[in-house]
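One-letter residues, chain by chain:
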Amino acid sequence: MVHHMSPAEPVLHICADLEEASLEVARKTVELAQTAVATSGQFSIVLSGGNTPRRLHEILATDYRDAVPWADTHVFWGDERWVPHDHPDSNFRMADETLLRHVPIPTGQVHPMPTQLDDPEVAADAYQTQLAELFEGKLPRFDLILLGMGSDGHTASLFPTSAALVEATAWVMPSEAPSEPRQRLTLTLPVLNNAAYVVFLISGSDKRTPMAMALDSATDSVTCPAAAVRPHSGQLHFYVDQAASPA
Ligand code: 6PG
């Protein structure tokens, strides 16, 4: 069931449950990947962290494993916790366990945020430099950015109180989370809003209130950072289960 808000507004897909939402996002990912590779020779995707994307990853690693052009795919992260890549809280580790180690993507095309460096500022700069190299110095325009949303309306690691939320030039910033692990790295809104296609995958009744706020363009970004994600020349789709869908 698809609800089209006004033309510039997000498109809401209400799914029966997380399984159906994950399947729909997997199908959309395959479609975007195949189109991107056919038109530009490669597909750039930004993964989100947390737990919601686990099932999506499993589906992409099994049912759709052979449909994604992994040889021409580059994987990035929207945010990362400031922990080693083998730490239980690492977004890289979650994606590696549920997806990347199960698919034939060339290692050099997997671009984790460098949490092994000395400090978050150095790491944020290093990731931005890596993006600049891969996007020929231009503001990255990712083919697909996958995002989740916290019950406080945060997305990536853009929290209501984050300085990164109002950053207008840097592409990657350190950020402080209200819960452990507090130190994070995150892409900023200039990058998120330059994407060709943004998909939020959201599940659970604790997301219902922020979900309604995120859909309302009148919501300010401090109240609900996810409401500030409005790709200026791209598409924005929310895939939500019944529990998270606005009443
Ligand atoms: C992270 C994520 C974050 C996540 C939300 C929702 O590093 O935690 O990138 O933005 O998407 O916190 O997390 P859940 O999917 O676990 O509810």
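Our subject is the structure listed above.
Residues numbered from 1 in each chain as written. Predicted model: local features only at pLDDT ≥ 70, side-chain atom pairs only at ≥ 80, totals over all residues. Heavy atoms only, no water.

Visitor: Just to check I follow, could you spell out the packing of aromatic side chains for this structure?
Guide: For any pair of aromatic rings, the description rests on two quantities: the centre-to-centre distance and the angle between the ring planes. Summed over the entire model, instances satisfying the criterion amount to five aromatic pairs. A ring pair is formed by Phe135 and Phe142, whose centres lie 5.1 Å apart and whose planes are at 75°; its orientation type is edge-to-face. Of the residues examined, Phe135 reaches a relative accessible area of 12% and is grouped as buried. Judged by relative accessible area, Phe142 falls into the buried class, the value being 0%. Ring pairs connect the aromatic residues Phe76, Phe135 and Phe142, which therefore count as one cluster. (Phe/Tyr/Trp six-rings, centres within 6.5 Å; stacked < 30°, edge-to-face > 60°. Buried < 20%, exposed > 50% of the residue type's maximum accessible area, 1.4 Å probe, protein only.)

Visitor: Looking at this structure, how should I read unusual backbone geometry?
Guide: Residues Glu180 and Pro181 are joined by a peptide bond in cis, for which omega reads -10°. Counting through the fold element by element, Pro181 comes out in the loop between β7 (172–176) and β8 (183–187). Residue Glu136 is not a glycine yet carries a positive backbone phi of 50°. Within the secondary structure, Glu136 sits in the loop between α4 (120–134) and β6 (144–147). (Helix = DSSP H or I, 4+ residues; strand = E, 2+ residues; numbered from the N terminus.)

Visitor: Just to check I follow, could you spell out the nonpolar core for this structure?
Guide: Where a protein is soluble and globular, its nonpolar side chains tend to be buried together. In terms of nonpolar packing, the biggest core is built from 77 residues, with Trp77, Leu131, Phe142, Leu187, Phe200 and Phe238 touching the most fellow members. Per-element accounting of this core gives the leading share, eight residues, to helix α1 (residues 18–40). (Core = buried A, V, L, I, M, F, W, Y, C linked by side-chain atoms within 4.5 Å.)

Visitor: I tried to follow the side chain of Asn194 on my own but got confused; where do I start?
Guide: Its location among the elements puts Asn194 in the loop between α5 (189–192) and β9 (197–202). With near-sequence residues (within four places) excluded, Asn194 lies in contact with Leu139, Pro140, Arg141 and His232. (Contact = heavy atoms within 4.5 Å.)

Visitor: What should I look at first to understand the site of the ligand in this one?
Guide: Around the ligand lies a shell of 15 residues, among which Asn51, Thr52, Asp79, Arg81 and Ala156 are the nearest. Contact between the ligand and Gly49: an oxygen atom at 3.2 Å from a main-chain N or O atom of the residue. One of the side-chain N or O atoms of Lys207 is found 2.8 Å from an oxygen atom in the ligand. When the free accessible area of the ligand is taken as 420 Å², the share hidden by the protein chains comes to 86%. With respect to the detected pockets, the ligand is housed in the largest pocket. Partitioning the shell around the ligand into residue classes produces two nonpolar, nine polar and four charged. (Near = heavy atom within 4 Å. Polar contact = N/O pair within 3.5 Å; in protein donor to acceptor, adjacent residues only side chain to side chain. Areas by Shrake-Rupley, 256 points an atom, 1.4 Å probe, with all protein chains shown as cover. 1 Å grid on protein atoms, 1.4 Å probe; cavity = no way out; pocket = protein on both sides within 12 Å on 5 of 7 lines; lining within 4 Å. Sits in = over half its atoms within 2 Å of the grid points. Nonpolar A, V, L, I, M, F, W, Y, C, P; charged D, E, K, R; others polar.)

Note that all results are geometric; they support no functional claim without further evidence.
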